[in-house]
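Breakdown of the fold
Each chain, written out:
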Amino acid sequence: MRSNTPISLTSSLIGAFALAGSLGLAGCSKGSDKKPAPSTSAQPGEEAQSEAELDAVLATIDGIEITVREFQNRINSQSPYIRARYTSNEQKKEFLDNLVRFEVLALEAKAQGFDKNPEVVRTMKQVMIQKLMKEQFDTGIKPEDVSDEEMRAHYQESESEFHKPEEVRVSAIIIDKEADAKAIAKEALGEKGASNKGFRELVALHSTDQETKARGGDLRYFTAEATELPKALVEAAFKLEKTGDVAGPIAANNRFYIIKQTGHRKAIDKTFEQVKRQIQNRLYRDKRTQAQKDFVADLKKKATIEIFEDKLNEVQIDTSAAAEGGAGHEGPQQGHGHEHNDSHSH
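This write-up is about the structure you can find in this document. (Residues numbered from 1 in each chain as written. Predicted model: local features only at pLDDT ≥ 70, side-chain atom pairs only at ≥ 80, totals over all residues. Heavy atoms only, no water.)

1. Looking at helix α4 (residues 68–76)
Using the following cut-off: Exposure categories follow from relative accessible area, calculated using a 1.4 Å probe and restricted to protein chains: below 20% of the type maximum is buried, above 50% is exposed, and the middle band is partly exposed. The secondary structure listing takes helices from DSSP runs of H or I that are at least 4 residues long and strands from runs of E that are at least 2 residues long, numbered from the N terminus.
Of all 9 residues that make up α4, 7 are buried, and the element is covered over most of its length. Along α4, the residues classified as buried are V68, E70, F71, Q72, N73, R74 and I75.

Here it is as structure tokens:
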């Protein structure tokens, strides 16, 4: 806008509390400062708008102007579905009425002093921090800045992550006497041992190994090369075809084992090219996080900061159940809601 009135302040105050949505202001819900489709670009068969046309005033509210440019920017920042609702002049007038209503309410909120309300000020700070971090880092560090050399180095350093042998997980009923083991195996191989719950009950009733018995017989995941378990047990476990299969009794180390497969992990053997994008996004995220930390650390060095830790004892924390339903927590803004996960491809 061309006006010098505090339009951005009042709009930010109301926008920060998402009043646009609650008031039904569909066209304003994303804020006018989001980068819209260029308002000067002409549609096929149409002439490009001049600066004068874009600066034409559609409405004024106590000196605040709503121009063609702002109106277009607000609508064009919406989804195609929303934009399609405002093609006729009648629908455009409805949208303009919503913008006017928005500004009237914003002005009244400011007139009543809400711009000085601690909650409003705090929310404004959060919005400003989000925009600061967005402007500071969205254009600064890009995934493409991660070099091939860095990615290959990470691939080599993380070999165990990208190359893993097949693993199985079994639970075991461990018995000292063969005769007992054969009798219990019949139960385990039958209906009783078909479910994990039923097998755990058999473990609790019959297993003589107290350590594994305490965790329901779980032997956790292991590979075919595992040495912490008897070789005969490991071989039998890898012969089980699917999760839920039961085998036994298996003689090993003067004891007898009845086992049930409870999990299976396929071997992982990924080439550099297969995980290149994953590594790129991971290193990009790490670079971005470090850059944010360095940025904040530099700001702290420039600022005059005094911390009185002895006063922390005077802070009283409400730990009652009622406090749990209060406002969300606040903290330093490390990013702005656009972090990338490892699986995202560019």
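There is more to say after this.
2. A closer look at helix α8 (residues 148–157)
Worth spelling out the cut-off: To obtain the arc, one takes the directions from the helix axis to the C-beta atoms. In this description, contact between two residues means that some pair of their heavy atoms is separated by no more than 4.5 Å.
Restricting attention to buried positions, one finds in α8 the residues M151, H154 and Y155. When α8 is viewed along its axis, its buried side chains cluster within an angular range of 105° and face the same direction. Seen from the open side of α8, the exposed residues pointing more than 90 degrees away from its buried face are E149, Q156 and E157. Looking at the packing, one finds that the buried side of α8 touches α9 (159–162), β3 (163–164) and α14 (272–302).

3. Side note on the side chain of S77
We apply this condition: N or O atoms within 3.5 Å of each other form a polar contact, as long as, within protein, one can give a hydrogen and the other can take it, and as long as residues adjacent in sequence are counted only when both atoms are side-chain atoms.
Residue position: S77 is located in the loop between α4 and α5 (80–83). Accessibility expressed as a relative area gives 7% for S77, which makes it buried. Separated by 2.9 Å, the side chain of S77 and the backbone oxygen of R74 make a polar contact. A distance of 3.1 Å separates the side chain of S77 from the side chain of Q78, its partner in a polar contact.

4. Here we look at the sheet that holds strand β6 (residues 246–252)
Condition: Two strands qualify as a pair provided that DSSP identifies no fewer than 2 bridges between them. Comment: axis = line fitted to C-alpha atoms, over the contacting stretch for helices; angle = value between 0 and 180 degrees taken between N-to-C directions.
Taken in spatial order, the 4 strands make up an open sheet running β5-β4-β7-β6, and their pairing is antiparallel. Each having just a single partner strand, β5 (218–223) and β6 make up the two edges of the open sheet. On average, each strand axis in the sheet is tilted by 35° relative to the strand beside it, whichever way the strands run. With 4 bridges joining them, strand β4 (residues 167–175) and β5 adopt antiparallel strand pairing. When the bridges of β5 are listed, R169 appears paired with Y221. Packing against the sheet, helix α11 (residues 196–206) makes contact with β4, β6 and β7 (255–265), and its axis sits at approximately 40° to β4. Docked against the sheet, helix α13 (residues 231–239) engages β4, β5, β6 and β7, running at close to 80° with respect to β5.

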